[in-house]
Amino acid sequence: MSGTLRVLSGALTTVQDLGRLGWQAYGVPSAGAMDTFALAAANRLVGNAPDAAGLEITASASFELSAPTLLALCGAGLGATLNDLPLPLWTAVLAPAGAHLVLPGRGRDWGARAYLACAGGIDVPQVLGSRSTYLSGGFGGYAGRALRAGDVLPLAPAPHDPVRLAGRQWSAAMRPAYSAQPTLRLIPGPHVDLFASDALETLCAQSWRINTTSNRMGYRLEGPSIRYAAPVSLASLGVLPGVIQVPPDGAPILLMADAQTTGGYPIIGVVIAADLPLAAQLLPGDALQFALTDTATAREAWRTHCDWLAQPLPNDPDTEQLAWSGALPL
Amino acid sequence: MTRSLAWKFSPFGEAALLIEADTTDVLANRYALALATALEALAFPGLLATVPALGSLLLRFDPLRCTHEQLEAQVRDLLADLAPAPEQPTRIVEIPVVYGGEHGPDLESAAELLGLSAREVVALHSGQVYRVMMIGFAPGFPYIGPLPEQLAIPRRTTPRAAVPARSVAIAAGLTGIYPKRLPGGWHIIGCTPLEMFDPQLQPPALLAPGDGVRFVPLAEGVQP
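Predicted model, so just to flag it, every value in this text is computed and none were measured.

Caption draft 1: How the structure looks around the overall build of chain B. Looking only at helices and strands, chain B has four helices and 13 strands in total. What you see for chain B is a C-alpha radius of gyration of 19 Å, in line with the 17 Å of a compact globule of 224 residues. Each of the three principal axes of chain B carries a C-alpha extent, and together these read 55 × 40 × 35 Å. A buried classification covers 50% of the 224 residues belonging to chain B. Contacts spanning at least 24 positions in sequence make up 63% of the contacts within chain B whose residues lie at least 6 apart.

Structural data, given as structure tokens:
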């Protein structure tokens, strides 16, 4: 059952896993899925290892499957259909050979990025221990670039009997609080003292709009200016996704998955890891808000996030019965 | 090594700890590197990654396996009798450079700003062994230094949208090498034929933090 996935179209689709940690000291960004929760959930639904590679589909895309394939689409829905029928999200679905998966794009609902896992995972070579695409570095994933129409992605053999897993669903109660205009909780950063005394208050009091130049590296935020207390010159220091740094122009930048490993702008806060999936579901033009929290709350939020990802996923009893009776056509 | 450094510990979200020295001189850099090495050797439970920089060290950890307080206590313990990374690097990498001309379009203008001749800039730049103080900005981009006082020059007032790959440049008391075509604001004084970064290799970068670097003028370019 290891077939291929042919790309028919796509605005910005990349092969991603959970990222490459461990080469930051050599300047290599982690990359990986922007919404790691959705990718991890999709992988679990189809029985993959947590580090299997899937697709991050931004805005819109379409695909054709060569063989019967167990797949799951999590995160944004992007209006997905399988052979012209609405595809249930957060569900393991057995797609027949030749099936067309079409994601026309976001409607009025929340969500910018859909995550597609296929049983077995996308079989591209690991680079520095990961299959993630690092776009500006031009390596990882499929030829180091976004997918184009005509690309054919090999799928690794499914680790489990796909028929048994079909129909499994991810409880809606065990997902991040996705919304069109999320509130991201932050912990005050190491350079709060370098900012004007009302800077954190200003950051958390307003709604911020994501600037059009934003991408997988980071979101430039439009809103009131965040001021330094005095002119600042900092030596470059290590940074990570979730960091909110403020250049001298006063417009904050929220670093995302492809962020550089070091930066030289003062850091006013760091968005907690459990809320990064919410940020990952935004596009330029979307709005977000910030709220202050503390490390204890952040740690508990992360624990919940991990518990949700480890939740038991019982097989669907109906599918089970069909499988036993041999009635499920492949 | 009698001077002692003051270290500031800051939570960096719930899953990282930033350790900053009160200066960014070479000694702080040597301590940051030694600390990274010591922590990695300890295999501290939950520690995921260390990112040494000019005068700081960022530690990323699993917040369900350790806390800021535990990590800070461990680091303070280590700092109590930690020797900084050696002053003389154990590995010295020679970087051949074609200085000036089309490969170093800013050599003349930088020399003018510094009140030196182009030959003097080349002589100073290639005249001693420097340290790789950190790698950042882009995969494999080394921050090398510190440069002698005579080469201290601010960044260009207008950054370039694209600096060619393998350009050797100076700014802010440091010298760097662009591993690939990138935007940049440093003064380009030369170009090396060496490949700085290859993701298919482990480690992927030619240089590592703490390495020694000596620039060697090639015959095609301006001579010292």
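Picking up after the structure, the text goes on.
Caption draft 2: Geometry of the overall build of chain A. Helix and strand counts for chain A come out as six helices and 18 strands. Computed over C-alpha atoms, the radius of gyration of chain A comes to 20 Å, within 12% of the 20 Å expected from 2.2 N^0.38 for 330 residues, which places it in the range of a compact globule. The principal-axis extent of the C-alpha atoms belonging to chain A is close to 75 × 35 × 35 Å. Looking at the 330 residues of chain A, the share that counts as buried comes to 52%. For chain A, contacts bridging at least 24 residues in sequence account for 79% of all contacts bridging at least 6.

Caption draft 3: Region of the structure containing the interface of chain B and chain A. With 38 residues of chain B in contact, the opposing surface of chain A contributes 32 residues. Secondary structure elements with two or more residues in the side of chain B that touches chain A: strand 1 (7-11), strand 2 (16-21), strand 3 (47-52), strand 4 (56-61) and strand 6 (130-135) of chain B. Its residues assigned to classes, the side of chain B that touches chain A comprises 25 nonpolar, eleven polar and two charged.

Caption draft 4: Quick peek at unusual backbone geometry. Residues and elements named next belong to chain B. Residue proline 146 is reached from glycine 145 by a cis peptide bond, and omega for that bond is -10°. Turning to its location among the elements, proline 146 is positioned in the loop between strand 7 (142-145) and strand 8 (160-163). Cis geometry is found at the peptide bond from glutamine 202 to proline 203, where omega equals 0°. Its location among the elements puts proline 203 in the loop between strand 12 (187-191) and strand 13 (212-217).

Caption draft 5: Layout of the nonpolar core. If you look at the biggest cluster of nonpolar residues, it comprises 174 residues, and the most contacted ones within it are A:Ala42, A:Val46 and A:Ala117. The residues touching A:Ala42, leaving out its near neighbours within four places in the chain, are A:Gly54, A:Ala72, A:Leu73, A:Cys74, A:Tyr115, A:Leu116 and A:Ala117.

Caption draft 6: Quick look at the sheet that holds strand 1 of chain B. All names here are of chain B. Taken in spatial order, the four strands line up as 1-2-4-3 in an open sheet, and their pairing is antiparallel. In this open sheet, the two edge strands, each paired with only one partner strand, are strand 1 and strand 3. Neighbour to neighbour, the strand axes of the sheet diverge by 15° on average, direction disregarded. As paired strands, strand 2 and strand 4 are joined by five bridges and run antiparallel to one another. Within the sheet, the bridge partner assigned to alanine 16 lies in strand 4 and is arginine 60. Along the sheet, helix 1 (residues 26-42) contacts strand 2, strand 3 and strand 4; its crossing angle with strand 3, the most-contacted strand, is approximately 165°.

Caption draft 7: Summary view of the sheet that holds strand 7 of chain B. Residue and element names in this part refer to chain B. Read around the closed barrel, seven strands run 5-12-9-10-7-6-13, paired in mixed fashion. Taken pair by pair, the neighbouring strands of this sheet meet at an average axis angle of 40°, ignoring direction. Two strands pair when backbone bridges link them, and strand 7 and strand 10 (residues 174-177) are joined in this way by two bridges, in the antiparallel orientation. Paired with isoleucine 144 across the strands is threonine 175, a residue of strand 10. Relative to strand 12, helix 3 (residues 107-114) is tilted by about 130°, and along the sheet it contacts strand 5 (92-99), strand 9 (167-171) and strand 12.

Caption draft 8: Structural detail: the pairing of strand 1 of chain B. All names here are of chain B. In terms of strand pairing, strand 1 meets strand 2 through five bridges, oriented antiparallel. Within strand 2, the position partnered with lysine 8 by the bridge is glutamate 20. Taken together, strand 1 and the strand that follows it, strand 2, pair antiparallel across an intervening segment of four residues, in which glycine 13 is found at a positive phi of about 75°.

Caption draft 9: Spotlight on the domain arrangement of chain B. Residue and element names in this part refer to chain B. You can read the domains of chain B as domain 1 (7-80) and domain 2 (92-217). On the side of domain 2, eight residues touch domain 1, which itself brings six residues to the contact. At three residues, helix 1 tops the list of elements feeding residues into the side of domain 1 that touches domain 2. Its residues assigned to classes, the side of domain 1 that touches domain 2 shows five nonpolar, one polar and no charged.

Caption draft 10: Summary view of helix 4 (residues 118-125) of chain B. Residues and elements named next belong to chain B. Of all the residues in helix 4, the buried ones are Ala118, Val121, Val122 and His125. An end-on view of helix 4 places all buried positions within 95° of arc, on one side of the element. Its buried side turned inward, helix 4 meets strand 5, helix 3, strand 10, strand 12 and strand 13.

Caption draft 11: Quick peek at the domain arrangement of chain A. Residues and elements named next belong to chain A. When the domains of chain A are assigned, the result is domain 1 (4-170 + 314-325) and domain 2 (183-307). Relative placement of domain 1 and domain 2: their C-alpha centres are 28 Å apart. The interface of domain 1 with domain 2 comprises 23 residues on the first partner and 16 residues on the second. Top element by residues in the side of domain 1 that touches domain 2 is helix 1 (residues 36-45). It accounts for three residues. In terms of residue class, the side of domain 1 that touches domain 2 is made up of twelve nonpolar, nine polar and two charged.

Caption draft 12: A look at the confidence of the model for chain B. The pLDDT averaged across chain B works out to 94; a share of 99% of its residues lies at or above 70. Of the two predicted TM-score estimates for the complex, the pTM is 0.95 and the ipTM is 0.94.

Caption draft 13: Representation of helix 1 of chain B in the model. Residue and element names in this part refer to chain B. Over its 17 residues, helix 1 runs 24 Å from end to end, which matches the ideal 24 Å to within 8%, given 1.5 Å per residue. The complete set of buried residues in helix 1 reads Ala28, Asn29, Tyr31, Ala32, Leu33, Ala34, Leu35 and Ala36. Those residues of helix 1 that are buried are in contact with strand 2, strand 3, strand 4, helix 2 (68-80) and strand 6. Backbone geometry just after helix 1 places alanine 43 at a positive phi near 50°.

Caption draft 14: Expanded view of the pairing of strand 12 (residues 218-222) of chain A. All names here are of chain A. Inspection of the sheet shows strand 11 (residues 207-210) paired to strand 12 by two bridges, in the antiparallel sense. The residue bridging isoleucine 210 from the neighbouring strand is leucine 221, located in strand 12. Inspection of the sheet shows strand 12 paired to strand 15 (residues 253-255) by three bridges, in the antiparallel sense. Paired with tyrosine 219 across the bridge in strand 15 is leucine 254.

Cut-offs used in this document
Residues numbered from 1 in each chain as written. Chains lettered and ligands numbered in written order. Predicted model: local features only at pLDDT ≥ 70, side-chain atom pairs only at ≥ 80, totals over all residues. Helix = DSSP H or I, 4+ residues; strand = E, 2+ residues; numbered from the N terminus. Rg over C-alpha atoms; globule rule 2.2 N^0.38 Å. Buried ≥ 20, exposed ≤ 12 C-beta atoms within 10 Å, placed from the backbone. Contact = placed C-beta atoms within 7 Å. Nonpolar A, V, L, I, M, F, W, Y, C, P; charged D, E, K, R; others polar. Core = buried A, V, L, I, M, F, W, Y, C linked by C-beta atoms within 7 Å. Pairing = 2+ DSSP bridges. Axes fitted to C-alpha atoms, helices over the stretch in contact; angles between N-to-C directions. Domains from an automatic or database assignment. Arc of directions from axis to C-beta. pLDDT = per-residue confidence, 0-100. Expected span 1.5 Å × (residues − 1).

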